[in-house]
Amino acid sequence: MHLEVAFKSFLKWIPPQSEMSVGYSGTSRCETGLLNPSWGSCSLGVFICVQCSGIHRNIPAIGMKVKSLSLSRWEDQEFMAENGNELMKQKYEAFVPVYYYKPTHKDCQVLREQWIRAKYERKEFTGEGKKQTYEEGTRDGMLMKRGRDNGQFLNRRFVLSEREGTMKYFTKYDAKEPKAVIKVDSINAAFQPEKIGNPNGLQITYLKDYNTRNIFLYHDNGKEIVDWFNSIRAIQLHYLKVAFPGANDAELMPKLTRNFLKEGYMEKTGPRHTEGFKKRWFTLDHRRLMYYKDPLDAFAKGEAFLGHQDHGYRASPGLPAGTHCNGAWQHGITIVTPERSFLFTCETEVEQQDWLKHFNDVISIQMSPQEYSMEAMFRHKH
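Model, not experiment: these values are computed from the prediction. (Residues numbered from 1 in each chain as written. Predicted model: local features only at pLDDT ≥ 70, side-chain atom pairs only at ≥ 80, totals over all residues. Heavy atoms only, no water.)

Student: Looking at this structure, how should I read the sheet that holds strand S17 (residues 341–346)?
Tutor: Strands belonging to one sheet form pairs held by backbone hydrogen bonds; the direction of such a pair is parallel or antiparallel. Pairing is antiparallel across the open sheet formed by seven strands, whose spatial order is S14-S13-S12-S11-S17-S16-S15. Unpaired on one side and paired on the other, strand S14 (302–305) and strand S15 (314–317) mark the two borders of the sheet. Direction aside, neighbouring strands of the sheet carry axes that sit 35° apart on average. Here strand S11 (residues 262–268) pairs with strand S12 (residues 278–285) via seven bridges, running antiparallel. In the sheet register, Tyr265 faces S12, and the bridge partner there is Trp281. Sitting on the sheet, helix H9 (residues 349–363) touches S11, S12, strand S13 (288–292), S15, strand S16 (331–336) and S17, and the angle it makes with S11 is about 110°. (Pairing = 2+ DSSP bridges. Helix = DSSP H or I, 4+ residues; strand = E, 2+ residues; numbered from the N terminus. Axes fitted to C-alpha atoms, helices over the stretch in contact; angles between N-to-C directions. Contact = heavy atoms within 4.5 Å.)

Written as structure tokens, this is what we have:
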């Protein structure tokens, strides 16, 4: 009966002709969440998107039989019907740690590739293998780190410790004193391959003396850098469970590492609104809007906190009447906060509208107790 139901479901994908036809109407999802994937793996019995199909093909153990649903000849209908995405998920994702980051189709190549390799090639989540390195509560290894002043990437030793709740890095492997000691609960880690200029580029952001500090890393081995990323998340979850003993995993997961909501260039003027507009790189990290002279700067030149709209925060298109806009860009944005107004310009109307959408989305969300504390700290600092 299971096979019959599964096969009828599969017929939504496979037309009666031996040759696949374009324009099928499926409602399944790829393993990275993309709706109606257009490829299939006949080795595994799963449907995948075109991006994942390329990754599958590069893995010898599973990549021999990857076919397009619309362009290939199919003789594997029964095998696909017996398996399918949901059944294979139960097998290959049976023991995924709650903190392990499951990438979506929007994530970068290294995250998607290592997720697929972890599932099907290394079988990390079937319960059959040894304890994984990201589960050990400590990590010690060499990563390439960008120099704050000279911009050169140099080999540095990093040590991550759950017991100490820190991530340290040393300028030499045998150095006795670390160059920096970073509290794990202040870290955000986000993959930034384009900005860093390396497919495995990882940005670590943390608080240092109440200022946001960025360091930029990579490792030539994709598994290694993704394991570092998930090791950070594992230790963060441990500390969050101590800090919030009554919270469940679903409540804690959003507090782990997060991608920035938006990054890009805008022009801005100073607090008196009479200074010239200067081009700056902006990063929106939930309620914190930071701006830099260069995307790879270690420290922000300044930042704005975006609170809730009921407390006097507002974002609107255009600039106040009489503003002298001497910059190259003309599509204005005004952000009003209880302390001051921030004036920006964007290169295009599309960029202006996209920034405004993100600003207003954030401003419309009620603040958590932790965010009220952050707002108070921000006001004190500024």
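Student: Before we go on, may I ask you to explain the packing of aromatic side chains in this structure?
Tutor: To describe a pair of aromatic rings, you give the distance between the ring centres and the angle between the ring planes. Under the criterion given, the structure shown has 18 aromatic pairs. Between Phe282 and Tyr291, the aromatic rings sit 5.6 Å apart at their centres with planes inclined by 40°, giving tilted as the arrangement. For Phe282, a relative accessible area of 0% puts it in the buried group. An aromatic cluster of three or more residues is present, and its members are Phe282, Tyr291, Phe342, Phe344, Trp355 and Phe359. Lying over the aromatic face of Tyr173, Arg157 brings its terminal NZ or CZ to 4.6 Å of the ring centre. Over the ring of Trp355 we find Lys262; its NZ or CZ atom is 5.1 Å from the centre of that ring. (Phe/Tyr/Trp six-rings, centres within 6.5 Å; stacked < 30°, edge-to-face > 60°. Buried < 20%, exposed > 50% of the residue type's maximum accessible area, 1.4 Å probe, protein only. Lys NZ or Arg CZ within 6 Å of the ring centre and 35° of its normal.)

Student: Is there a simple way to explain the pairing of S11 in this structure?
Tutor: Side chains on a regular strand alternate between the two faces of the sheet. With six of its seven residues buried, S11 lies for the most part within the structure. Bridging between S11 and S17 involves two bridges; their strand directions are antiparallel. Bridged to Lys268 within S17 is Phe344.

Student: Would you explain helix H4 (residues 85–92) in this entry?
Tutor: Side chains three or four residues apart in an α-helix point the same way, a direct result of the helix having 3.6 residues per turn. Among the residues making up H4, those that are buried are Asn85, Met88 and Tyr92. Looking down the long axis of H4, one finds its buried residues gathered within 70° of arc, a one-sided arrangement. When the buried face of H4 is taken as reference, the exposed residues oriented beyond 90 degrees from it are Glu86 and Gln90. The elements touched by buried residues of H4 are strand S2 (46–48) and helix H5 (109–121). (Arc of directions from axis to C-beta.)

Student: Where do I start with the confidence of the model for the protein in this structure?
Tutor: In low-pLDDT regions, the fine details of the predicted coordinates are not to be read closely. Summarising the model, the protein shows a mean pLDDT of 85, and 87% of its residues fall at 70 or more. Within the protein, the element-level pLDDT minimum falls on helix H1 (residues 2–10), averaging 39, and the maximum on H9, averaging 97. The low-confidence segment residues 1–26, where pLDDT is below 50, has 49 contacts with residues more than four positions distant or belonging to other chains. (pLDDT = per-residue confidence, 0-100.)

Student: What should I look at first to understand unusual backbone geometry in this one?
Tutor: Backbone phi values are negative for most residues with the exception of glycine, while trans is the configuration of most peptide bonds. Positive phi is not limited to glycine here, since Lys123 has a value of about 50°. Residue position: Lys123 is located in the loop between H5 and strand S4 (138–146). According to the relative accessible area criterion, Lys123 is partly exposed, its value standing at 34%. Positive phi values are uncommon outside glycine, yet His273 reaches one of about 65°. Mapped onto the elements of the fold, His273 is located in the loop between S11 and S12. Residue classification places His273 among the partly exposed positions, given a relative accessible area of 22%.

Student: Help me understand the packing of helix H2 (residues 50–57) against H5 in this model?
Tutor: Relative placement of two packed helices is described by the angle separating their axes and the distance separating the axes. Across the interface, H2 lies against H5 with an axial gap of 10 Å and an inter-helix angle of 55°. Relative to H5, the element H2 lies oblique. Here the hand of the crossing between H2 and H5 comes out right-handed. Between H2 and H5, the contacting residues are Gln51, Cys52, Ile55 and His56 on the first element and Gln109, Arg112, Glu113, Ile116 and Tyr120 on the second. When grouped by side-chain class, the residues that make up the contact of H2 with H5 number four nonpolar, three polar and two charged. (Parallel < 35°, antiparallel > 145°, perpendicular 65-115°, else oblique. Left-handed = near helix turned anticlockwise from the far one by under 90°. Nonpolar A, V, L, I, M, F, W, Y, C, P; charged D, E, K, R; others polar.)

Student: Teacher, can you tell me more about the pattern of salt bridges here?
Tutor: Side-chain pairing between opposite charges can occur once the charged atoms of the two side chains come close. By the definition in use, this model includes 21 salt bridges. Two residues, Glu263 and Lys195, come together in a salt bridge whose shortest N-O distance is 2.7 Å. Note that Glu263 is positioned in strand S11 and Lys195 in helix H6 (residues 193–196), a separation of 68 residues in sequence. Each member of the salt-bridge network shares a partner with another, and the members are Arg139, Lys223, Glu224 and Asp227. (Salt bridge = Lys/Arg side-chain N within 4 Å of Asp/Glu carboxyl O.)

Student: What is the right way to look at the packing of H5 against helix H7 (residues 222–243) in this model?
Tutor: As a packed pair, H5 and H7 sit with axes 10 Å apart at the nearest point and diverge in direction by 95°. When the axes of H5 and H7 are compared, the pair comes out roughly perpendicular. Across the interface between the two elements, Val110, Leu111 and Gln114 from H5 touch Gly222, Lys223, Ile225, Val226 and Phe229 from H7. Residues that form the contact of H5 with H7 fall into these classes: five nonpolar, two polar and one charged.

Student: Is there a simple way to think about the sheet that holds strand S8 (residues 188–191) in this case?
Tutor: The antiparallel open sheet is built from seven strands, whose spatial order is S7-S6-S5-S4-S10-S9-S8. Taken across any chain shown, the strands that pair with only one partner, and hence form the sheet edges, are strand S7 (180–183) and S8. On average, adjacent strands in this sheet sit at an angle of 35° to one another, irrespective of strand direction. Here S4 runs beside strand S5 (residues 153–161); their pairing, made up of nine bridges, is antiparallel. Counterpart to Arg146 in the pairing with S5 is Phe153. Those strands touched by H7 are S4, S5, strand S6 (166–170), S8, strand S9 (202–208) and strand S10 (211–218), and its axis lies near 125° from that of S4.

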